[in-house]
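Descriptive structure summary
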Amino acid sequence: MTEIEELKAYPADCSTVSPKDYANHTHAKLSGRILNVMTTLPTQIISNYDPSSGDYLWDVEAVRGNSALYSSQHFLDQHSDWESHLIAWTGEINASKVTRWQNGDNVDDALYLVDEDKQELEAKLREANGSENIHPVWLLRRDQSRWRKYAEKVLWPVFHYIQGQPSDGKEEAEAWHDYVKFNEVYLNKIKSVYKPGDVILIHDYYLLLLPQLLRMEFPDAYIGLFLHIPFPSSEYFRCLSKRTQLLDGMLGADKIGFQSGSFQRHFLSCCARLLGFEVTSDKVFAFGTTISVETLPIGVDTKKIEHDAFLPDSGIEEKVTALKELYKGKKIIVGRDRLDKVRGVVQKLEAFGMFLEMYPEWREKVVLIQVSSPGFTHSANVESKVTELINQINSQYGNLNYTPILHYQMMIPKDEYLALLRVADLALITSVRDGMNTTAFEFVICQKYNSSPLVLSEFTGTASVLNEAILINPWDTVGIAKTINEAFLLSDKEKQQLEARLYEKVTSNTVQNWISTFIRDVIDHSLVTHVTNYTPTLNRPLLLKNYLNSSRRLFLFDYDGTLTPIVKEPAAAIPSDKLNRILDVLAADPKNQIWIISGRDQAFLDKWMGDKNVGLSAEHGCFMKDLGSKEWVNLAASFDMSWQAKVEEVYKDYTEKTPGSHIERKKVALTWHYRRADPELGNYQAAKCLHQLNETIAKEYDCEVMAGKANIEVRPKFLNKGEIVKRLVLHPHGSKQDLHNEHCHSDATAADQLPDFVLCLGDDLTDEDMFRSLKTIEAEWTEQGLPKNEFGSYGVYPVAVGPASKQTVATSHLNEPSQVLETLGLLAGQVSLFESAGTVELDDRGHLANSESSERSKTAIERAASLRRKASLDKEMNKKTSTNGKI
Ligand SMILES: O=P(O)(O)OC[C@H]1O[C@H](O[C@H]2O[C@H](CO)[C@@H](O)[C@H](O)[C@H]2O)[C@H](O)[C@@H](O)[C@@H]1O
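The text that follows walks through the structure, step by step, so that each part is easy to find. Keep in mind that this is a model prediction, so the values were computed, not measured.

Attention now goes to the overall build of the chain. Summing up its helical and strand segments, the chain has 30 helices and 32 strands in all. Put simply, 73% of the contacts in the chain that link residues at least 6 apart link residues at least 24 apart. By element, 50% of the accessible surface of the chain is carried by carbon and sulfur atoms, the whole surface being about 38,800 Å².

Locating I405 in the fold gives a position in strand β17 (residues 405-409). For I405, a relative accessible area of 2% gives the class buried. Remark: the alpha-carbon pair of I405 and I393, spanning 12 residues in sequence, is separated by 7.7 Å. With residues up to four places along the chain from it excluded, the contact list for I405 reads L349, F352, L368, I390, I393 and N394.

The next thing to look at is the sheet that holds strand β20 (residues 470-472). Strand order across the open sheet formed by 6 strands is β17-β16-β15-β18-β19-β20, with parallel pairing between neighbours. Among the strands making up the open sheet, the edge pair consists of β17 and β20. Adjacent strand axes in the sheet meet at a mean angle of 20°, parallel and antiparallel pairs treated alike. Pairing geometry for strand β19 (residues 454-457) and β20, over 3 bridges, is parallel. Bridge assignment links S457 to a residue of β20, and that residue is I472. The strands touched by helix α17 (residues 477-488) are β15 (331-339), β16 (366-374), β18 (426-429), β19 and β20; relative to β18, the strand with the most contacts, the crossing angle is about 160°.

Let us now look at helix α20 (residues 540-548). Think of an α-helix as 3.6 residues a turn; residues three or four steps apart then line up on the same face. What α20 keeps buried is the set R540, L543, L544, N546 and Y547. Down the axis, α20 shows its buried residues gathered within 165° of arc, on one side only. Those residues of α20 that are exposed and angled more than 90 degrees off the buried face are K545 and L548. The N-terminus of α20 is capped by N539, whose side-chain oxygen sits 3.1 Å from the backbone nitrogen of L542.

Looking at the ligand, there are 21 residues lining it, with V567, K666, R675, K709 and E713 nearest. In the environment of the ligand, an oxygen atom lies 3.3 Å from a nitrogen or oxygen atom belonging to the backbone of K568. Interatomic distance of 2.8 Å between a side-chain N/O atom of E664 and an oxygen atom of the ligand. Here the ligand loses 99% of its free accessible area of 570 Å² to cover by the protein chains. Judged by the proximity of its atoms to the pocket grid, the ligand belongs to the largest cavity. A class-by-class count of the residues in the shell around the ligand yields 6 nonpolar, 5 polar and 10 charged. Of the domains in this structure, domain 3 (540-637 + 719-828) and domain 4 (642-716) are the two that each give at least three residues to the shell around the ligand.

Spatial ordering of the open sheet is given by β8-β4-β1-β9-β10-β11-β14-β13-β12, a layout of 9 strands whose pairing is mixed. Edge positions in the sheet fall to β8 (134-137) and β12 (278-279), since each of these pairs with one other strand and no more. Bridge count for strand β4 (residues 83-89) against β8 is 4 bridges, and the pairing is parallel. Across the sheet, residue L86 finds its bridge partner in β8, namely I134.

Right, let's get into empty space enclosed by the protein. Considering all chains together, one arrives at 4 cavities of 30 Å³ or more under this definition. Size it by volume and the largest cavity reaches roughly 350 Å³. Forming the walls of the largest cavity are 25 residues, and the residues nearest its centre are D560, I566, R600, H673 and N711. For the lining of the largest cavity, the secondary-structure elements that each account for two or more residues are β26 (662-665) and β29 (711-716). Of the residues belonging to the lining of the largest cavity, the class tally is 5 nonpolar, 7 polar and 13 charged. Shared between two domains, the lining of the largest cavity takes at least three residues from each, and those domains are domain 3 (540-637 + 719-828) and domain 4 (642-716). When its volume is computed, the second largest cavity comes out at roughly 80 Å³.

Quick notes on the rules
- Residues numbered from 1 in each chain as written.
- Predicted model: local features only at pLDDT ≥ 70, side-chain atom pairs only at ≥ 80, totals over all residues.
- Heavy atoms only, no water.
- Helix = DSSP H or I, 4+ residues; strand = E, 2+ residues; numbered from the N terminus.
- Contact = heavy atoms within 4.5 Å.
- Areas by Shrake-Rupley, 256 points an atom, 1.4 Å probe, with all protein chains shown as cover.
- Buried < 20%, exposed > 50% of the residue type's maximum accessible area, 1.4 Å probe, protein only.
- Pairing = 2+ DSSP bridges.
- Axes fitted to C-alpha atoms, helices over the stretch in contact; angles between N-to-C directions.
- Arc of directions from axis to C-beta.
- Polar contact = N/O pair within 3.5 Å; in protein donor to acceptor, adjacent residues only side chain to side chain.
- Near = heavy atom within 4 Å.
- 1 Å grid on protein atoms, 1.4 Å probe; cavity = no way out; pocket = protein on both sides within 12 Å on 5 of 7 lines; lining within 4 Å.
- Sits in = over half its atoms within 2 Å of the grid points.
- Nonpolar A, V, L, I, M, F, W, Y, C, P; charged D, E, K, R; others polar.
- Domains from an automatic or database assignment.
- Points joined across faces, edges and corners; volume = space filled by probe spheres on them.

Right under this line is the structure:
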């Protein structure tokens with residue numbers, strides 16, 4: 001029986017939440033499908049070159065490892081009401097090394113697959129996986145290990161607290177490039193499979209960018225991301241040069257699952273410390289939405305393991321008996337690990353040596369059987385240290401009849417492994433960092449009748465589930481030695497009680513429960529946070545047409561977070577060259593009037609925007625300076641400012657209590673910044689400060705207290721950006737402002753003097769006042785019956801800078817300041833529509849679609865296919881000729 005047939009024959013008895021259960025939810029629009037997205041398929045493709053026919057003989061076989069994850073897929077496929085689809089890379093195609101050359105050209109290669117080859121292989125994959133819904137991701141470039149490199153050589157070590165050596169970064173940059181492509185190829189595949197209402201579950205660290213790529217494409221998709229390995233403390237994670245991109249990528253998910261509570265905490269702390277997002281113990285508030293984070297340790301398919309471990313007539317009983325006979329009179333300690341820096345094999349050997357030294361009575365009565373498989377971060381150091389220690393311990397305590405440590409450096413067959421777990425008297429797991437160690441679960445199941453104890457490192461994710469196991473610190477050699485001795489001396493009753501508790505934990509934490517809970521949690525959270533009225537992306541082609549057809553254009557720009565990205569230090573948020581160039585081009589057009597309406601003070605705006613032909617409004621509407629004028633006018637001159645001293649007192653108090661925070665003193669408005677403070681402390685103090693000011697100053701004075709981006713600002717209530725916008729829009733286009741006039745705007749402007757194009761951009765809460773004013777003006781114009789333009793509008797574009805999910809009254813959005821620049825560049829004629837729109841399409845070799853390399857590959861593949869066809873025709877002909885000859 002193949003692995004798949006076995007799985008099929010074996011029914012699971014757990015039920016998942018059914019898609020129908022959601023039918024009664026008002027806004028749950030589920031398709032009933034799960035798209036389970038993994039790194040590789042459970043089966044791999046093997047090719048053998050047949051020199052006699054010149055053909056490749058293809059086969060498909062099951063891969064080892066990841067069995068828990070694959071059983072979750074099998075469970076969804078076979079035993080749930082969901083229609084489950086598996087999307088995964090084929091993995092490296094194991095091809096016998098044949099590359100044929102002709103005139104110096106590579107004319108054939110096992111990876112040169114034409115569409116028919118792929119279809120044939122896809123059919124084989126579907127058959128081998130026992131499912132019609134298998135969607136292989138093809139990446140057929142030679143040097144296939146490139147697709148794993150960044151994940152395995154950069155992420156995996158850092159996530160396991162292994163820091164690399166400093167380098168010039170070139171190799172890492174190449175690996176990153178491939179990592180991005182790998183994620184993009186998945187996006188393309190999912191685009192061809194996705195239907196609205198699908199639940200997409202993404203697994204593991206090879207695909208950390210995929211959630212955000214998908215979110216951009218399908219804003220209302222239900223997306224879950226589960227990280228199967230540890231997530232490191234922010235002190236380690238921050239060493240990654242791509243830390244921001246990785247976190248951004250992950251935060252496209254609705255729900256992110258981790259194996260243990262500490263991994264969850266570390267992730268949240270990274271979001272707060274590195275991205276400056278607000279977080280709670282299980283949520284991240286980012287991009288105007290809430291991402292939920294949870295700890296959901298994966299389990300194993302307990303029934304299947306128990307079934308396999310105790311299956312009568314399968315030969316396993318004979319294996320158990322043989323092992324017992326072989327080690328008669330001796331206790332067996334079992335260990336199974338990958339041989340890398342984090343599985344703690346060296347620590348285990350040191351501890352076992354110490355055990356034999358401290359307890360001579362156990363010598364010749366205990367063996368350690370250690371099965372080690374290769375780790376993917378190959379470490380020659382670990383291997384040589386392991387060999388050295390084994391030799392040393394075996395020579396010190398062994399003799400001709402007794403070898404204390406038996407080391408099997410290989411993948412042993414499943415039945416032998418299960419038999420070993422059954423006969424063992426103790427399992428010793430000493431990982432120094434691990435996501436979920438499934439050997440621990442398997443051991444507990446195999447010990448159902450024997451009840452041998454499990455000694456488990458407290459540094460594994462498993463320890464949070466099996467906290468009743470005998471936990472050890474893998475760095476405490478003497479402590480482990482003592483624990484082994486104590487575990488051997490437990491009475492049968494104590495062992496049985498221990499086993500019963502562990503067995504109960506393992507069997508109630510099955511992989512079926514895990515996947516069912518994850519699906520339910522992803523949907524439940526999405527139902528709460530998905531707003532059906534996403535803000536659409538700004539229609540840039542329409543904007544451009546409207547711009548070109550208009551003659552009285554008004555631009556109303558916020559500054560921070562709109563024209564420049566948010567940065568840690570306010571003084572560092574200076575305009576880029578690109579922004580300066582674009583503003584100059586736009587401002588030079590006599591049809592255009594540009595205003596920067598900012599919370600910044602006059603000095604800052606004068607310094608960076610003062611030499612431009614633009615109007616300025618500072619401190620959220622308190623000051624204005626007209627285009628072409630040098631005079632700033634204080635619109636707040638008549639207001640009582642006695643609140644300033646009191647606010648400053650409050651701010652000073654919080655600055656003292658919050659290291660890293662500071663006060664920005666402007667002429668009227670006062671700002672307290674806490675972006676550089678410890679994020680948790682900053683958020684906590686800001687909430688208190690806001691509350692205090694609202695309860696005192698805001699009640700005593702005509703002041704508004706505003707929570708901004710890692711800041712709190714206080715300014716007079718009656719001046720805001722919305723009032724400035726009214727004044728500017730309703731003013732005769734192009735004429736001088738009468739800023740000393742109390743009346744902020746005129747109702748008497750003739751229709752043909754009003755702007756026929758208004759682009760207003762802002763990212764902050766204070767900018768919502770501008771958007772609201774524009775909406776009111778539009779409503780008034782409609783009421784007055786003012787004629788609309790050929791596009792059916794007044795040419796007014798209130799645009800929020802932020803994600804589609806951002807809560808805003810704006811009618812469209814742009815994601816970030818860089819998109820603002822692209823858009824303004826488009827109007828200034830500096831960026832082509834194509835450049836500002838495009839997304840990346842890749843071919844199935846990972847080349848940019850239609851690129852030179854992609855076309856070269858296509859030609860090579862077609863040439864190889866035609867050669868193969870010719871070879872097979874020749875063969876047919878030869879056969880016929882020889883048959884005819886015989887007749
Ligand atoms: O109305 P705006 O032009 O958006 O100005 C709002 C405030 O922006 C500045 O603070 C913000 O941006 C800084 C630079 O990116 C960032 O370090 C800070 O955390 C943000 O709150 C500015 O310092 C304030 O005076 C403005 O009121």
